Number of protein chains: 2
Amino acid sequence: MAQPDTMTRILDTAEVLFAERGFAETSLRHITSKAQVNLAAVNYHFGSKKALIQAVFSRYLDPFTGRFHAALDALEARYENRVIPLEVLLENMATTVLAVPAERNSLKVFMRLLGLAYSQAQGHLRRHIQEQYGGVFTRFTELVRRATPDLPDAERFWRLHFMLGTVIFTLSGLDALKDIAEQDYAEQVTVRDLVRRLRPVVVAAMNAPLPDDMSPTQED
Amino acid sequence: MAQPDTMTRILDTAEVLFAERGFAETSLRHITSKAQVNLAAVNYHFGSKKALIQAVFSRYLDPFTGRFHAALDALEARYENRVIPLEVLLENMATTVLAVPAERNSLKVFMRLLGLAYSQAQGHLRRHIQEQYGGVFTRFTELVRRATPDLPDAERFWRLHFMLGTVIFTLSGLDALKDIAEQDYAEQVTVRDLVRRLRPVVVAAMNAPLPDDMSPTQED
DNA sequence: GCGCTCCCAAAACGATTGTTTAAAACACTT
DNA sequence: AAGTGTTTTAAACAATCGTTTTGGGAGCGC
């Protein structure tokens, strides 16, 4: 079995280590030694550590945006000008997210990286992601807007981010949560199992009644 | 105006920098220079950087657990042996969380630190938090269990963590989200406003219908 | 005075970090 | 087979990291 490309070996190793330990906590020496390439290979092929981080993300997000745009195209074609139901939109997004890393069986890594992109400051990363992949998200949220016409714009904005937090937080902290869950409930937890559990929760959250008017923190 | 204690100055500065940049990305030199104390002061007063991190968390979590236990005591006394409704439990938790950092007006920092505790690997931190403050959470979840008797144990466990993700993600990324929200909707966003929006969402999520059976997609 | 404890300050320590250099090895065309 | 451009290698670089050492001074009891 022939060894993969040097760049590929670096990317494969880097994404795993980044997902496990974060960016700053993962040294180039750790990556290169585990990938069995020379230390200088990272700077030679990618230019810098920052560029390597962005390359790791691009390898996930480029196929994702492609597939997601295609999926939304197909949906809009199927529904013509009718409103696409919220459940269908969410289902399609979930399917697309799940499809991307299926090739390398690394959904956990993908989610963990997304979580890191939010939690670790890394200004350059957030900028890179926003500029590169913001378009498909605004397209998605516009479709969600038409699917939930009764929701005020601000309310929908916040609820979408609530749910984004739910998904990213859960799937990115998966290992820690898995440990607790399997320790408490002696139950094997798979990612697909979690996605199944997430669906009704997200739908119910988006369709929740509007909040009451502000009230001083009342007991009772 | 008298300067605060050296230890207090270190803690005040460290918690802000940790929240902004993460643990590994924040050097002791950055902390000590901004706090206007000597570099060696951290190792002298706290012993190590790890211990400083834990001290930052303890300063938030110790008052929190105290108040939360007290609040649950009061609730159990008021409701005697009757079941405490889910809304009341959530409302009490929110109130307690909001009360802790009110003294320093640093809810954002508190939430961001909680998010980091989950996302950054930092094995020692998770262990420390689990061992030190796990008790009050198991007490809370037991009350939630009685408030949601129809929910399977595993389902409730996951939904609680879903909602934890919602809250921590939203409130810890608050600054970035606020910018987007106020830019798109020209609306002033306050923490209390967000908590008001969160309540119906969280309640609806916890009361969502149970998920369907696993669909026959392939496994990992 | 002395001894003792506590706190602070400057400097140095050894280790590790990302990056660069310069030469060797390779692949491929002519 | 020679030459050319690309890739790999080992070594060194400068910077930064957490930590330790050393010594000095402030306060207090005796």
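Provided above is the structure to which this section pertains.
Residue numbers run consecutively from 1 along every chain, following the written order of its sequence. Labels are handed out in written order, letters beginning with A for the chains and numbers beginning with 1 for the ligands. Predicted model: local features are reported for residues with pLDDT of at least 70 only, side-chain atom pairs are reported and counted for 80 or more only, and whole-chain, interface and lining totals are derived from all residues. Each side-chain value is derived from all of the structure's non-hydrogen atoms; neither hydrogens nor water enter the calculation.

(A) Inspection of the protein's contact with DNA strand D at higher detail. Here a residue counts as near a molecule or strand whenever at least one of its heavy atoms sits within 4 Å of it. Around DNA strand D sit 15 residues, and of these Thr6 and His45 of chain A together with Leu28, Arg29 and Lys49 of chain B come closest. In DNA strand D, the atoms that sit within 4 Å of the protein are 46% sugar and phosphate, with bases accounting for the remainder. In protein, a polar contact requires one atom able to donate a hydrogen and another able to accept it; more generally it is a pair of N or O atoms within 3.5 Å, and residues adjacent in sequence count only if both atoms are side-chain atoms. At a separation of 3.1 Å, a phosphate oxygen of DNA strand D approaches a polar side-chain atom of Tyr44 of chain A. At a separation of 3.2 Å, a phosphate oxygen of DNA strand D approaches a polar side-chain atom of Asn43 of chain B. Going along the chain from the N terminus, every DSSP run of H or I of four or more residues is numbered as a helix, and every run of E of two or more is numbered as a strand. Listed by contribution, the elements that provide at least two residues to the surface near DNA strand D are helix H3 (40-45) of chain A together with helix H2 (28-35) and helix H3 (40-45) of chain B. Considering each element in turn, the surface near DNA strand D owes the most residues, 3 residues, to H3 of chain A.

(B) Local environment of the packing of aromatic side chains. Aromatic contacts are taken between Phe, Tyr and Trp rings whose centres are within 6.5 Å, Trp giving its six-membered ring; a plane angle under 30 degrees counts as stacked, one over 60 as edge-to-face, and the others as tilted. Per the stated rule, a full pass over the model turns up 14 aromatic pairs over all chains. Aromatic pair Phe68 of chain B and Phe140 of chain B: ring centres 5.4 Å apart, planes at 45 degrees, arrangement tilted. Of this pair, Phe68 of chain B sits in helix H4 (residues 49-79) while Phe140 of chain B is found in helix H7 (residues 123-147), placing the two residues 72 residues apart along the sequence. Note on accessibility: Phe68 of chain B and Phe140 of chain B belong to one class, buried. Ring-pair connections join several aromatic residues into one group, and the members of that group are Phe64, Phe68, Phe137 and Phe140 of chain A. For the exposure calls, accessible area comes from a 1.4 Å probe over protein chains only, and a residue counts as buried if that area is under 20% of its type's maximum, exposed if over 50%, partly exposed in between.

(C) The arrangement of the relation of the copies chain A and chain B in detail. When chain A is brought onto chain B, the operation consists of a screw motion whose angular component is 179 degrees and whose axial shift is 0.3 Å, with 0.7 Å RMSD remaining. Both copies of the chain, as the preceding transformation shows, are related through a two-fold rotation axis. In terms of C-alpha distance to the rotation axis, chain A has Thr166 of chain A as its closest residue, with the C-alpha 2.1 Å off the axis. A share of 93% of interface residues in chain A that are also interface residues in chain B marks the association as one of identical surfaces. A least-squares superposition brings the copies together, and it is based on the C-alpha atoms of residues with pLDDT no lower than 70 in both. Here a residue-residue contact requires only that any non-hydrogen atoms of the pair lie within 4.5 Å.

(D) Summary view of the pattern of salt bridges. In what follows, salt bridge is the name for a side-chain nitrogen of Lys or Arg lying within 4 Å of a carboxyl oxygen of Asp or Glu. Inspection of every chain in the model, using the stated rule, returns 22 salt bridges over all chains. Its salt-bridge partner being Glu15 of chain A, residue Arg59 of chain A comes within 3.2 Å of it at the nearest N-O pair. Placement of Arg59 of chain A in helix H4 (residues 49-79) and of Glu15 of chain A in helix H1 (residues 6-21) is noted, with a sequence separation of 44 residues between them. A salt bridge links Glu91 of chain A to Arg199 of chain A; the nearest nitrogen and oxygen atoms lie 2.7 Å apart. With Glu91 of chain A in helix H5 (residues 86-99) and Arg199 of chain A in helix H10 (residues 191-206), the pair connects residues that are 108 residues apart, well separated along the chain. The exposure class assigned to Arg199 of chain A is partly exposed, which follows from its relative accessible area of 36%. Members of the salt-bridge network, linked through shared partners, are Glu155 and Arg159 of chain A together with Asp193, Arg196 and Arg197 of chain B.

(E) Broad picture of the interface of chain A and chain B. Of the residues lining the interface, 54 residues belong to chain A; the matching set on chain B comes to 58 residues. Here the quantity called buried area is the accessible surface, traced with a 1.4 Å probe, that two parts lose on coming together, added over both. For the pair chain A and chain B, the summed buried area comes to about 5200 Å², and 67% of that belongs to carbon and sulfur atoms. Of all residues in chain A, the largest losses of buried area upon contact with chain B belong to Trp158, Phe162 and Phe169 of chain A, amounting jointly to 14% of the total for that side. Counting across the chain A and chain B interface gives 2 salt bridges. Arg197 of chain B is the partner of Glu155 of chain A in a salt bridge, and the nearest nitrogen-oxygen pair spans 2.5 Å. The interface formed by chain A and chain B contains 7 residue pairs in polar contact (both at pLDDT 80 or more). Secondary-structure elements contributing two or more residues to the side of chain A that touches chain B are helix H6 (107-119), helix H8 (153-172), helix H9 (174-185) and H10 of chain A. Among the elements that take part in the side of chain A that touches chain B, H8 of chain A stands out by supplying 15 residues, more than any other. Here the nonpolar group is Ala, Val, Leu, Ile, Met, Phe, Trp, Tyr, Cys and Pro; Asp, Glu, Lys and Arg are the charged ones; every other residue, Gly included, is treated as polar. For the side of chain A that touches chain B, the residue count by class is 29 nonpolar, 10 polar and 15 charged.

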